[in-house]
Amino acid sequence: MIIALCNQKGGVSKTTSTICLGGLLAESAKVLLIDLDPQGNLTTGLGIEVEDDQLTAYEVITEQCSTAAAIAPTKIKNLDLLPADISLAKGETEILGKVGNFCLLKEQLETVFDQYDHILIDCPPSLGLLTINALTVADQVLVPVQCQFFALKGLAALLETIESVKKRLNPNIDILGVLPTMFEQTVMARDVITSLEKRFGKSLVFPAVPKSVRFAESNLAGEPIHLYVNEHKLIYPYKSIIKAMEA
Ligand code: ATP
Ligand code: MG
């Protein structure tokens, strides 16, 4: 199953959630994480530094190399990474004029599909060509939403984009669910969750991930949260997502 973690709003925990979910899935399956963000936070967040001559998502999406050639192992068993760095920003511009440029990632990933049980794509905070490439290959979209005042703003644009992709490029795509993140026990945070439940239906809103400094610490340590600290309340929202994936 291929899941795109997508929200054009920045800093909502897309990358952190990709690492947490990927780490948990890798306990019992073979998992590939794809850094599709020129910020390269997924790559750094897994403790990987891209070397000057290293192949990355840039070379893959511009068809300069195969996906297999750019995939790197992480220090976690069963967890591989297609890394990215700032060169991917240049890649997005380079593919602008290409015919079929929405399908480049899909075509490139088809060659490694049979090697992985799950592929997770960490999208950049935009609805540009990189995100469209992720949505074109994805079976499911997971939308992390920060429990903040402006959280719902912009969700309409995201849903419209997913609908257009479903209609024109990828009829298989579905919304796996919405993941409220950085939850604090405040009226505002609870209001955000109520609004999400009204909009998507309760079954599509996963249990909220609490706000905790442990997540930033685990990013710095280059580890998924469950390996960094064994705190049930931080981990169980991600376990609920895995349950939904298996359902
Ligand atoms: P971008 O849109 O820039 O790619 P993002 O959506 O990928 O951002 P992250 O980079 O995962 O978001 O998280 C943004 C910041 O919030 C990071 O510093 C991260 O450590 C922190 N963070 C993520 N999840 C939580 C959480 N549950 N509680 C507290 N801090 C968090
Ligand atoms: Mg990110």
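Provided above is the structure to which this section pertains.
The sections below set out a description of the structure shown in this document. (Residues numbered from 1 in each chain as written. Chains lettered and ligands numbered in written order. Predicted model: local features only at pLDDT ≥ 70, side-chain atom pairs only at ≥ 80, totals over all residues. Heavy atoms only, no water.)

1. Let's talk about helix 10 (residues 213-221)
Using the following cut-off: Definition of a polar contact: a pair of N or O atoms within 3.5 Å, with one able to donate and the other able to accept a hydrogen when the atoms are protein atoms, and with sequence-neighbouring residues admitted only if both atoms are side-chain atoms. Only DSSP runs of H or I with at least four residues qualify as helices, and only runs of E with at least two residues qualify as strands; both kinds are numbered from the N terminus onward.
Its side-chain oxygen at 3.0 Å from the backbone nitrogen of R214, S212 defines the N-terminal cap of helix 10. G222 lies just past helix 10 and shows a positive phi near 70 degrees.

2. Some details on the pairing of strand 7 (residues 174-181)
For the record, the criterion: We call a residue buried when its accessible area falls under 20% of the maximum for its residue type, exposed when it is over 50%, and partly exposed in between, using a 1.4 Å probe and counting protein chains only. At least two DSSP bridges between two strands are required for those strands to pair. A clockwise path from the first strand over the helix to the second, with the strands pointing away from the viewer, defines a right-handed crossover.
With six of eight residues buried, strand 7 is to be regarded as a mostly interior element. Across seven bridges, the pairing between strand 6 (residues 140-146) and strand 7 is parallel. Pairing of Q146 across the sheet is with T181, part of strand 7. Between the parallel elements strand 6 and strand 7, the chain passes through helix 8 (residues 155-168) in a crossover that is right-handed.

3. Structural notes on the packing of aromatic side chains
Threshold: Between 30 and 60 degrees the pair is tilted, below 30 it is stacked and above 60 it is edge-to-face, where a pair is any two Phe, Tyr or Trp rings, Trp via its six-membered ring, whose centres lie within 6.5 Å. Remark: a charge is flagged as sitting over a ring if the NZ atom of Lys or the CZ atom of Arg is within 6 Å of the ring centre and within 35 degrees of the ring normal.
For the structure on display, the rule yields one aromatic pair. Seen from the ring of Y58, K90 lies directly overhead, with NZ or CZ sitting 4.6 Å from the centre.

4. With respect to the nonpolar core
Spelled out, the test is: As used here, the term nonpolar core means buried Ala, Val, Leu, Ile, Met, Phe, Trp, Tyr and Cys residues forming a set that is joined through side-chain atoms within 4.5 Å. The contact criterion used is simple: two residues touch if any of their non-hydrogen atoms lie within 4.5 Å.
Ranked by size, the top nonpolar core spans 46 residues in total, and within it I34, I121, L135 and L196 carry the most contacts. Here this core takes six residues from helix 7 (residues 129-137), the largest share from any one element. With residues up to four places along the chain from it excluded, the contact list for I34 reads L42, L82, L109, I119, L120, I121 and D122. Membership of the second largest hydrophobic core comes to 31 residues, among which are L142, L176, F215 and Y238.

5. Topic: a negative patch on the surface
Our working definition: Like-charged residues are merged into a patch within 9 Å and nonpolar side chains (Val, Leu, Ile, Met, Phe, Trp, Tyr) within 5 Å, provided each residue has over 30% relative accessible area and no salt bridge. Shrake-Rupley sampling with a 1.4 Å probe provides the accessible areas, and residues are treated as covered by the protein chains on show and by no other component. Any carboxyl oxygen of Asp or Glu that lies within 4 Å of a side-chain nitrogen of Lys or Arg is treated as forming a salt bridge with it. Two residue types count as positive, namely Lys and Arg, and two as negative, namely Asp and Glu; His and chain ends fall outside the count. Where a charge lies is defined by one atom per residue type, namely NZ (Lys), CZ (Arg), CG (Asp) and CD (Glu).
Where like charges cluster on the molecular surface, the negative patch consists of E49, E51, D52 and D53. Note that D53 resides in the loop between helix 2 (41-45) and helix 3 (57-61).

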